[in-house]
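Commentary on secondary and tertiary structure
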Amino acid sequence: MHQQKTQVLVVGGALTGLSAAVFLAHQGIRVTVVERHPDLLLHPRLRGITPRTVEVFRQVGLGPAIRKESFRGEDVGFVPLRANTLADEYEPVEEASHTEFIDPRAFSTSANAGIDQDRLELLLRDRARELGADIRHFTEMTSLDQDADGVTATVRDRASGDEGAIRADYVIAADGSKSRIRAWLGIETDGPGELFHTITAIVDADLSAAVRGRTIGIIYLQKPRPFSAVMPHDAAGSRWLFSTGYDPRHESVADFTAERVAGMVREASGLDGVDVALLPQIPGTDVTVLGFPVGARVARSYRSGRVFLAGDAARSQPPTGGFGGSTGIQDVHNLAWKLAAVLTGWAGPGLLDTYDAERRPYGELAMRQAFARFGDRMAGGAQVELLDYSAVTMGFRYASAAVPGNRETAPIRAVELRAQPGTRAPHRPTADGGSTLDLYGETFVLLAGHDGQGWAGTAKDLGTAMGVAVRAYVLGADIDVEDGEAAHGIGADGAVLVRPDGFVAWRSPSAAPDPAATLAEVLRAVLARRG
């Protein structure tokens, strides 16, 4: 059997897998993606990504394209609505944690981007290929074997039936909530489990008489069944995503014929005579209705040897809150720089242990917050305390060996981020119209106060000596940032070390007796290097 080689094999070519390909290829890593479907799904699946997720895509050159493809223009968010039918009066869905709205651009370079998943996946696939990633559709992985030196995957071309093998240093399992790889590895999950089942359809229907010019992002309806939902899939109001729940004990997806679903859309809209046409959702097929289980669970481990779980394979949750897609994207953003560091030799393999240590606790947080919002919107009340949205999406905090000395994990409201170790480094506008966030994404970055030239020089010299890319900037000299020291929790002679993913690894509020020894110890700890 012919065997090909790659550094990282990604199994699953949807949102998480394509994001992994982009982030890895951007770091110069050879990556291959295999996806069993013949092409990308036409189903939008999610609407919108969080400001933090927009930030990480800015790092790989996708910011302008995402803004262009966002629903109804740049930086347009939406408030979930509810009503009896689409034609009736609407009221906003307000979580119990509702607080005064703060424009995300007060603490980020962007607001939420209202881009649908199908459009985002097209951008990701194009960018991944542009960066050199090998993406193979209609290719199914049939077996996986790992040893001390790598992983061998057997793959089958579903069009020809031909089999081959791919040898990789590491594998990312991005194969969804029913992950075969997770099952093969014997990794169990914890959480509430399956909550309900839903069918979805994309329909062409002129529902403007029901909408009457009102702005809709997503609306939950009582007709034809409680907690049905519709979401516009274009700005003209003629293409829609319709979904409703069903009980698989009493009916199946096959029971939802095109005629039946069209009737349900008419009932949901309140327009009895409107024409409704269902569109295929899987390219190359006539499948117009898909069924999905919606659950809440987290894998007990995100890693088994050289195989890493990401996205829905690692954690699944209700769509309420809009955390799911962004969580998977940020899983692989966290993992990509670590894999690149190990594969290029400037980090020890122990760095990869921090992926589970950092992302699994966040997966549990995001799952429980989505579950709480599901209860608040759809099940008669939240089951756990609802946290501030910005704390969940932007203010989470890592505690691992890659954040030496930090044990704090409680989320922080985004407006309170001050470069606390383990948090995402703060956004501060720069005099040239950019942001301090533009400094991050490829290397370690040291920011020193305006009297911290010693820190900056030491960081550059140490990086060279250790073979690690470190960029250093003195606030007020190398980069002009208003209130830069206060925003980063340091004095004039302090310093902050930021990881390639934009998270703070370490902070010294003031000078140290031996900056070289201090920084060397920090870098060795972060990179799991013994010397």
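Residues numbered from 1 in each chain as written. Predicted model: local features only at pLDDT ≥ 70, side-chain atom pairs only at ≥ 80, totals over all residues. Heavy atoms only, no water.

**As for the nonpolar core**
Generally speaking, soluble globular proteins have nonpolar side chains that are buried together. Where we set the bar: Nonpolar core, defined: a set of buried Ala, Val, Leu, Ile, Met, Phe, Trp, Tyr and Cys residues in which side-chain atoms within 4.5 Å join the residues together. Accessible area is worked out with a 1.4 Å probe on protein chains only. A residue is then buried under 20% of its type maximum, exposed over 50%, and partly exposed in between. Secondary structure elements follow DSSP: runs of H or I no shorter than four residues count as helices, runs of E no shorter than two count as strands, and numbering proceeds from the N terminus. Only heavy atoms enter the contact rule, under which two residues are in contact if any of them lie within 4.5 Å.
Membership of the largest hydrophobic core comes to 95 residues, with the highest contact counts inside it found for Ile49, Phe57, Ile172, Phe444 and Leu446. Top contributing element to this core by residue count: helix 8 (residues 324–343), with nine residues. Isoleucine 49 has contacts with Val54, Phe57, Ile66, Asn112, Ala113, Ile115, Leu120, Ser326 and Ile329, leaving out every residue within four places of it along the chain. Residues Ile199, Ala201, Val230 and Ala262 belong to the second largest nonpolar core, which totals 29 residues.

**A word on empty space enclosed by the protein**
Note the threshold: With a 1 Å grid laid over protein atoms only, a set of points is called a cavity when a 1.4 Å probe fits there but cannot get out and a pocket when it is open yet has protein on both sides within 12 Å along at least five of seven lines; lining residues have an atom within 4 Å of a point. Grid points are joined across faces, edges and corners, and a volume is the space filled by probe spheres set on the points.
Using the criterion set out here, one finds four cavities of 30 Å³ or more in the structure. Taken as a whole, the largest cavity spans an internal volume of roughly 80 Å³. Every residue lining the largest cavity is listed: Phe23, His26, Gln27, Gln59, Val60, His333, Ala336, Trp337, Gly441, Pro500 and Asp501. Among the secondary structure elements, those contributing two or more residues to the lining of the largest cavity are helix 1 (15–26) and helix 8. Counting residues per element, the lining of the largest cavity draws most heavily on helix 8, which supplies three residues.

**Some points on a negative patch on the surface**
Just so we agree on the cut-off: Surface patches are defined over residues having more than 30% relative accessible area and no salt bridge, joining like charges when they lie within 9 Å and nonpolar side chains (Val, Leu, Ile, Met, Phe, Trp, Tyr) when within 5 Å. Shrake-Rupley sampling with a 1.4 Å probe provides the accessible areas, and residues are treated as covered by the protein chains on show and by no other component. Whenever a carboxyl oxygen of Asp or Glu lies within 4 Å of a side-chain nitrogen of Lys or Arg, that contact is scored as a salt bridge. Two residue types count as positive, namely Lys and Arg, and two as negative, namely Asp and Glu; His and chain ends fall outside the count. Working definition for charges: the position is that of NZ of Lys, CZ of Arg, CG of Asp or CD of Glu.
Where like charges cluster on the molecular surface, the negative patch consists of Asp432, Asp480, Glu482 and Asp483. Within the secondary structure, aspartate 483 sits in the loop between strand 21 (470–474) and helix 12 (484–487).

**Comments concerning the confidence of the model for the protein chain**
Our working rule: Confidence scores here are pLDDT values: one per residue, from the predictor, ranging 0 to 100.
Looking at the protein chain as a whole, its pLDDT mean stands at 92, while 95% of the residues score no less than 70. Predicted confidence is poor over residues 96–100, with pLDDT under 50, and the contacts of this stretch with residues over four places away or in other chains come to six contacts.

**Here's the deal with helix 13 (residues 515–526)**
Short version of the rule: Here the expected span of a helix is defined as 1.5 Å times the quantity of residues minus one. Arc, as used here, means the arc of the directions from the helix axis to the C-beta atoms.
The end-to-end C-alpha distance of helix 13 is 16 Å, a good match for the 16 Å that twelve residues give at a rise of 1.5 Å each. By the burial criterion, the buried members of helix 13 are Leu519, Ala520, Val522, Leu523 and Val526. Around the axis of helix 13, the buried residues are gathered within 165° of arc, so they sit on the same side. Elements in contact with the buried residues of helix 13: helix 8, strand 20 (444–448), helix 11 (453–466), strand 21, strand 22 (495–498) and strand 23 (504–508). Phi turns positive, to about 55°, at alanine 528, one or two residues after helix 13.

**Section: the side chain of aspartate 388**
Heads up, the rule is: By the criterion applied in these results, polar contacts are pairs of N or O atoms within 3.5 Å in which, for protein atoms, one can donate a hydrogen and the other can accept it, and in which residues neighboring in sequence qualify only through two side-chain atoms.
Secondary-structure assignment places aspartate 388 in the loop between helix 9 (353–378) and helix 10 (389–393). There is no salt bridge for the buried aspartate 388, and the closest opposite charge comes from arginine 413, which lies 4.0 Å off by N-O distance. A distance of 2.5 Å separates a polar atom in the side chain of aspartate 388 from a polar atom in the side chain of serine 390.

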